[in-house]
Amino acid sequence: MLDTPMVVADRVSKSFGSNEVLKSISLEVKRGEVMCLVGPSGSGKSTFLRCINHLEVVSSGRLSVDGELIGYREANHKLYEMRPKEAARQRRDIGMVFQRFNLFPHMTALQNVMEAPIRVKGLSRAGVEANARALLARVGLAERADYYPAHLSGGQQQRVAIARALAMEPKLMLFDEPTSALDPELVGEVLDVMQVLARDGMTMIVVTHEMGFAREVADSLVFMDGGVVVESGVPTEVLANPQHHRTQAFLSKVL
Amino acid sequence: MTNTTATGVKTEPGIKAIRLRHPWRNTFAVVLLLIVALFIADAAMRPAYNWPAVGKYLFDQRISQAAFITLQLTVYSMVIAIILGVTLAIMRLSPNTVVSSIAWVYLWIFRGTPVYVQLAFWGLIGTIYQTIDIGLPFTEPWVSFPTRVALSAFILAIVGLALNEAAYMAEIVRAGLLSVDSGQEEAATALGMSWFQTMVRVIVPQSMRVIIPPAGNEVISMLKTTSLVTAIPFTLELYTRSRDIAAVTFETVPMLIVASIWYLFFTSILMVGQYFLEKRFARGIGDRRPDKKADDATASITGTMTGVTPVVGSGQPTVVLPPTDPHKEDR
């Protein structure tokens with residue numbers, strides 16, 4: 001069981017109308033692996049990430065997490081679309097961090113972190129609160145537990161968002177450009193938290209433009225362009241010696 | 001810092017200048033005051049207002065009972081209107097075209113015709129549908145009773161007001177729901193929350209900020225619209241009741257004043273309630289800072305001040321900021 005990959009994408013395609021955003025993406029993410037998805041905007045990275053927790057429905061191909069097909073049930077060689085309740089159960093185990101944080105503005109940092117474990121898992125308030133405080137301490141925000149998101153900096157908000165996702169004890173974490181909406185001096189504090197998370201063995205897929213993070217933290221790097229995987233491999237190798245001319249062109253702009 | 005002189009000890013005294021005068025503005029204010037005073041003095045003396053009669057009827061039991069019925073009509077019809085309005089708003093946002101179209105047609109009819117006309121229709125419902133039957137279509141009904149008995153004028157008044165109001169509430173609620181950033185729904189969904197949980201815990205609380213001000217207007221407007229249920233005819237609410245009393249006593253003007261005072265009393269209470277509701281739902285969004293704790297800016301400035309003594313008057317910047325380390329501050 002431990003040998004099975006956490007995420008398997010098998011010829012995954014996604015179209016919005018006639019616009020094909022993902023074209024037959026196949027890749028695997030092993031347990032404990034940190035994979036960085038890079039590429040120019042509009043290359044389909046974010047869409048692919050959103051397919052993994054069924055925020056977007058794939059048009060064709062198979063996508064499974066922890067051996068379980070995402071969004072569909074298979075019986076008698078037929079696929080059945082999942083009920084919202086089943087899809088919600090799958091999403092519980094997949095944490096997601098958004099570019100724009102998307103914290104609940106009417107709740108304090110602590111309430112943000114406590115919301116899902118209480119409502120979704122139905123856990124008791126006392127245990128959840130202790131765990132939430134511990135998580136906030138882990139992302140360095142123990143002192144800010146009672147602040148509303150509007151009174152936190154972007155970096156602090158994103159760290160709360162990471163704590164909120166971790167509160168559901170996910171087996172996979174998805175990061176959708178987690179530092180792109182941050183002021184440059186706040187990027188580091190978020191990446192540090194992510195780096196610790198990676199060191200602790202969390203399986204992570206990170207859509208990012210932070211090549212330094214990709215080089216230092218990621219186990220693998222996937223370069224996407226125009227909805228296809230152009231090149232993938234060990235980050236240091238891909239970054240230092242890109243094989244494909246599109247990768248070369250992209251990296252020459254961002255590095 | 002701007003108040004610090006080169007020696008760094010004395011602050012500038014406040015500016016002393018002759019204030020700019022606004023003679024015309026002041027004159028206008030005085031004239032307005034005079035007009036108001038004249039009107040009040042005149043009204044107090046004028047026999048047509050008959051103030052003793054106002055005082056006599058203000059707390060007349062028939063009037064206070066009618067005021068209570070007006071309040072009941074407002075509350076009941078508003079509660080139904082909000083529930084139905086939320087339902088219609090969600091129906092209008094439904095991906096199913098039939099569902100959203102039906103909600104649209106409802107709005108088209110109930111917003112497109114005067115409430116007075118609608119109430120007159122409700123009054124005639126007993127004539128149009130003489131019995132209410134329960135059973136399967138095209139078979140003998142299991143139960144059948146006359147509409148006039150089942151639906152009193154009071155119930156018809158509530159139904160008429162509520163169904164009309166629901167159309168307006170639906171649009172207010174829809175605007176509120178649409179005002180919430182779509183990222184909120186995504187975040188809740190990604191956490192595994194169900195559609196219902198997402199609505200109740202995330203979307204609706206945030207949309208309340210947008211919904212409450214116009215909804216408050218609607219409640220106040222409803223209180224006054226209850227005076228139209230005379231179209232049904234229902235005669236026990238405040239306005240019709242005071243008019244009926246006036247018809248006997250010929251005290252028309254004092255009775256109108258009595259009714260107006262009661263309406264003003266209720267609307268004032270509603271406005272206070274609205275103020276507190278708005279405050280409640282502004283949590284996390286208004287300028288309110290968390291209690292007791294200093295905000296970020298103050299925290300970092302005090303931190304700087306203790307670490308570095310401000311250098312004043314030496315040609316250097318007065319406050320030297322140390323290189324900021326965002327990690328250190330919070331961990």
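Residues numbered from 1 in each chain as written. Chains lettered and ligands numbered in written order. Predicted model: local features only at pLDDT ≥ 70, side-chain atom pairs only at ≥ 80, totals over all residues. Heavy atoms only, no water.

Asks: Looking at this model, I keep getting lost on the overall build of chain A. Mind explaining?
Replies: A tally of helices and strands in chain A yields nine helices and 12 strands. Here the C-alpha atoms of chain A give a radius of gyration of 18 Å, agreeing with the 18 Å that 2.2 N^0.38 yields for 255 residues. Among the 255 residues that make up chain A, the fraction classed as buried is 57%. Looking at chain A as shown, the accessible area adds up to about 10,900 Å², and 47% of this sits on carbon and sulfur atoms. Put simply, chain A has 29 plus and 30 minus side-chain charges, and the middle of one group is 6 Å from the middle of the other. (Helix = DSSP H or I, 4+ residues; strand = E, 2+ residues; numbered from the N terminus. Rg over C-alpha atoms; globule rule 2.2 N^0.38 Å. Buried < 20%, exposed > 50% of the residue type's maximum accessible area, 1.4 Å probe, protein only. Areas by Shrake-Rupley, 256 points an atom, 1.4 Å probe, with all protein chains shown as cover. Lys, Arg positive; Asp, Glu negative; His and termini not counted. Charge placed at Lys NZ, Arg CZ, Asp CG, Glu CD.)

Asks: Explain the pattern of salt bridges to me, please; I cannot follow it from the model alone.
Replies: Residues and elements named next belong to chain A. Throughout the structure, instances matching the rule amount to 20 salt bridges over all chains. Lys171 is the partner of Asp93 in a salt bridge, and the nearest nitrogen-oxygen pair spans 3.9 Å. Of this pair, Asp93 sits in the loop between helix H2 (84-92) and strand S8 (94-97) while Lys171 sits in the loop between helix H5 (154-166) and strand S9 (172-176), and the two are 78 residues apart along the sequence. By relative accessible area, Asp93 is classed as partly exposed at 25%. Among the ionic contacts, a cluster of salt bridges with common partners joins Arg31, Asp66, Asp93 and Lys171. (Salt bridge = Lys/Arg side-chain N within 4 Å of Asp/Glu carboxyl O.)

Asks: Help me understand the interface of chain A and chain B in this model?
Replies: Interface size, as often reported, equals the accessible area lost upon joining of the parts. Between chain A and chain B, the residue contacts involve 38 residues of the former and 32 residues of the latter. Note on chain A versus chain B: buried area summed over both sides is about 3,100 Å², and carbon and sulfur give 53% of it. When residues of chain A are sorted by the area they lose upon contact with chain B, His106, Tyr147 and His151 of chain A head the list and together hold 21% of the total. The tally of links from chain A across to chain B stands at two salt bridges. Note that Arg201 of chain B is salt-bridged to Glu115 of chain A, the shortest N-O span being 2.7 Å. (Contact = heavy atoms within 4.5 Å. Buried area = accessible area lost by both parts, 1.4 Å probe.)

Asks: I tried to follow a nonpolar patch on the surface on my own but got confused; where do I start?
Replies: Residue and element names in this part refer to chain B. There is a patch of nonpolar side chains on the surface, built from Val117, Phe121, Leu124, Ile128 and Tyr129 and spanning about 520 Å² of accessible area. Within the secondary structure, Tyr129 sits in the loop between helix H6 (125-128) and strand S1 (131-134). Overall, Tyr129 belongs to the exposed group, its relative accessible area being 53%. (Patch = residues over 30% accessible without salt bridge, like charges linked within 9 Å, V, L, I, M, F, W, Y side chains within 5 Å.)

Asks: How do you make sense of the environment of Asp192 of chain A when you look at a structure like this?
Replies: With respect to the secondary-structure elements, Asp192 of chain A resides in helix H6 (residues 184-199). The sequence separation of Asp192 of chain A and Gly140 of chain A amounts to 52 residues, and the corresponding C-alpha distance is 10 Å.

Asks: Is there a simple way to explain the packing of aromatic side chains in this structure?
Replies: Remark: the centre distance and the inter-plane angle together describe each pair of aromatic rings, the angle taken between the planes. Inspection of every chain in the model, using the stated rule, returns 11 aromatic pairs over all chains. Here the aromatic rings of Trp262 of chain B and Phe266 of chain B are separated by 5.9 Å at their centres, their planes lie at 45°, and the arrangement is tilted. Of this pair, Trp262 of chain B and Phe266 of chain B both sit in helix H12 (residues 252-281), four residues apart, which is roughly one turn of the helix. Across the pair, Phe266 of chain B and Trp262 of chain B agree in class, each one buried. One aromatic cluster in this structure is built from Phe59, Trp262, Phe265 and Phe266 of chain B. It is Arg144 of chain A that lies over the ring of Tyr147 of chain A; its NZ or CZ is 5.1 Å from the centre. (Phe/Tyr/Trp six-rings, centres within 6.5 Å; stacked < 30°, edge-to-face > 60°. Lys NZ or Arg CZ within 6 Å of the ring centre and 35° of its normal.)

Asks: In this structure, what is going on with the sheet that holds strand S12 (residues 228-233) of chain A? I would like to understand it.
Replies: Where strands meet in a sheet, backbone hydrogen bonds hold them as pairs that are either parallel or antiparallel. Residues and elements named next belong to chain A. In spatial order, the strands read S8-S9-S10-S3-S11-S12; together these six strands make up an open sheet with mixed pairing. At either end of the open sheet lies a strand with only one pairing partner, and these are S8 and S12. Across this sheet, the average inter-strand angle for adjacent strands is 15°, counted without regard to direction. Here S9 runs beside strand S10 (residues 203-207); their pairing, made up of five bridges, is parallel. Counted as the bridge partner of Asp176 is Val207 from S10. (Pairing = 2+ DSSP bridges. Axes fitted to C-alpha atoms, helices over the stretch in contact; angles between N-to-C directions.)

Asks: Whenever I open this one, the side chain of Thr198 of chain B confuses me. Can you help?
Replies: Relative to the assigned elements, Thr198 of chain B resides in helix H10 (residues 195-225). Not counting chain neighbours up to four residues away, the residues in contact with Thr198 of chain B comprise Glu185, Ala188, Thr189, Met193 and Ile203 of chain B.

Asks: Got a minute to help me understand the confidence of the model for chain B in this structure?
Replies: Detailed reading of predicted coordinates is not advised where the pLDDT is low. Residue and element names in this part refer to chain B. The predicted model of chain B averages 84 in pLDDT, with 83% of residues at 70 or higher. Low pLDDT (under 50) marks residues 1-5, which in the prediction has eight contacts with non-local residues, meaning those over four places away or in another chain. Taken together, the stretch residues 287-331 has pLDDT below 50 and engages in 47 contacts with residues farther than four places along the chain or on a different chain. Reported confidences for the modelled complex are a pTM of 0.80 and an ipTM of 0.93. (pLDDT = per-residue confidence, 0-100.)

Asks: Where do I start with helix H1 (residues 45-52) of chain A in this structure?
Replies: In an α-helix, one turn spans 3.6 residues, which is why side chains three or four residues apart end up on the same side. Most of H1 of chain A is tucked away, with seven of its eight residues classed as buried. His54 of chain A sits one or two residues past H1 of chain A and shows a positive phi near 65°.

Asks: So what exactly am I meant to see when it comes to unusual backbone geometry here?
Replies: Note: most peptide bonds trans; most residues except glycine with negative phi. A cis geometry characterises the amide bond from Ile232 of chain B onward to Pro233 of chain B, with omega recorded as 5°. The topology assignment puts Pro233 of chain B in the loop between H10 and helix H11 (238-249). For Ser24 of chain A, which is not glycine, the phi dihedral falls at a positive 50°. With respect to the element layout, Ser24 of chain A can be found in strand S2 (residues 19-29). Phi is positive for His54 of chain A, close to 65°, though the residue is something other than glycine.

Asks: Is there a simple way to explain the nonpolar core in this structure?
Replies: One recurring pattern in soluble globular proteins: nonpolar side chains tend to sit buried together. One finds Val7, Phe48, Ile52, Leu63, Leu172 and Ile205 of chain A to be the most contacted residues of the largest nonpolar core, which totals 77 residues. The leading source of residues in this core is helix H8 (residues 153-179) of chain B, at 12 residues. Dropping the residues within four chain positions of it, Ile205 of chain A is found in contact with Val7, Val29, Met35, Leu37, Leu49, Ile52, Leu172, Met173, Leu174 and Phe175 of chain A. (Core = buried A, V, L, I, M, F, W, Y, C linked by side-chain atoms within 4.5 Å.)

Asks: In this structure, what is going on with the packing of helix H5 (residues 115-123) of chain B against H8 of chain B? I would like to understand it.
Replies: The packing of two helices is summarised by the inter-axis angle and the distance between the axes. All names here are of chain B. Packing of H5 against H8 leaves a shortest axis separation of 9 Å and a crossing angle of 140°. Comparing the axis directions of H5 and H8 gives the class oblique. The hand of the H5/H8 crossing is right-handed. On H8, the residues touching Val115, Gln118, Leu119, Trp122 and Gly123 of H5 are Leu156, Ala157, Val159, Gly160, Leu161, Leu163 and Asn164. (Parallel < 35°, antiparallel > 145°, perpendicular 65-115°, else oblique. Left-handed = near helix turned anticlockwise from the far one by under 90°.)

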